[in-house]
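Inside the fold
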Amino acid sequence: MTDINAIAKQFTDFYYTTFDTNRANLNSLYRPESMLSWEGSPIMGVNAIVEKITGLPFAKVQHRVTTLDAQPSSPSVASLLVSVTGLLVIDDNENPLQFSQIFQLIPDGSSYYVYNDIFRLNYG
């Protein structure tokens, strides 16, 4: 069996590095049937998702992952659930925000695409 934790780490490293440097390049990870729930608001399809992500109101962002968990999500397909928590530094603010994000990754040839993406800021 493929090491799902290694796949999850490789995916999240790529996702957050790309998000932090050029959000528009995340379009390759989504498909027309992909769905993002952003703070409870559903967004469907690659174009709408990339529009949301690129339209966020900050110039600079840095994700600092603190936990990463992965599980297989189907007995018949090599899909994964990936759960991430971490800190979000926006525009060099000294007080990072806590976030959580869950991805469902579906195999697509030799890689994966994001079928589901749920993002929440964690206030407390």
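Residues numbered from 1 in each chain as written. Predicted model: local features only at pLDDT ≥ 70, side-chain atom pairs only at ≥ 80, totals over all residues. Heavy atoms only, no water.

Each helix and strand counted, the chain has 2 helices and 6 strands in total. Along its sequence from the N terminus, the chain presents helices and strands in the succession α-β-β-α-β-β-β-β. Against the compact-globule benchmark of 14 Å for 124 residues, the chain has a radius of gyration of 14 Å, which places it among compact chains. The 124 residues of the chain split such that 36% are buried. A separation of at least 24 residues holds for 46% of the contacts in the chain among residues at least 6 apart in sequence. A total of about 7100 Å² of accessible surface is found on the chain, and carbon and sulfur atoms cover 51% of it. (Helix = DSSP H or I, 4+ residues; strand = E, 2+ residues; numbered from the N terminus. Rg over C-alpha atoms; globule rule 2.2 N^0.38 Å. Buried < 20%, exposed > 50% of the residue type's maximum accessible area, 1.4 Å probe, protein only. Contact = heavy atoms within 4.5 Å. Areas by Shrake-Rupley, 256 points an atom, 1.4 Å probe, with all protein chains shown as cover.)

Tracing the sequence through the fold places Thr54 in helix 2 (residues 46-54). Accessibility expressed as a relative area gives 38% for Thr54, which makes it partly exposed. Residues Thr54 and Ala24 lie 30 residues apart in sequence; the distance between their C-alpha atoms is 6.1 Å. Looking at Thr54, its side chain comes within polar contact range of the main-chain oxygen of Val50, at 2.7 Å. (Polar contact = N/O pair within 3.5 Å; in protein donor to acceptor, adjacent residues only side chain to side chain.)

As paired elements, strand 1 (residues 30-38) and strand 2 (residues 41-44) share 4 bridges and run antiparallel to each other. Its bridge partner lying in strand 2, Leu36 is registered against Ile43. Taking the residues that link successive antiparallel strands as the turn, the strand 1-strand 2 hairpin has 2 residues, and the phi of Glu39 there is positive, at about 50°. (Pairing = 2+ DSSP bridges.)

Per the UniProt record, "domain: NTF2" (unreviewed entry) is annotated on residues 7-121. For residues 7-121, the helix share is 21%, the strand share is 51%, and the end-to-end C-alpha distance is 24 Å. (UniProt positions renumbered as here; feature names shortened; annotations may be inferred.)

Inspection of the entire model under this criterion finds 9 aromatic pairs. With 5.8 Å between their ring centres and 35° between their planes, Phe11 and Tyr15 make a pair best called tilted. Here the residue Phe11 and the residue Tyr15 both occupy positions in helix 1 (residues 4-21), the gap between them amounting to 4 residues, near one helical turn. For Phe11, a relative accessible area of 8% puts it in the buried group. (Phe/Tyr/Trp six-rings, centres within 6.5 Å; stacked < 30°, edge-to-face > 60°.)

Another point: unusual backbone geometry. The phi dihedral of Glu39 falls on the positive side, at around 50°, and the residue is not glycine. Its identity as a non-glycine residue notwithstanding, Asp91 has a phi of 50°, on the positive side. As for its placement among the helices and strands, Asp91 is situated in the loop between strand 4 (80-90) and strand 5 (97-108). Since its relative accessible area comes to 39%, Asp91 is described here as partly exposed.

Our next topic: the environment of Ile49. With respect to the helices, strands and loops of the structure, Ile49 is situated in helix 2. Taking the C-alpha atoms as reference, Ile49 lies 23 Å from Leu68; in sequence the two are 19 residues apart. When residues no more than four places from it in sequence are discounted, the contact partners of Ile49 are Tyr30, Ser34, Met35, Leu36 and Ile43.

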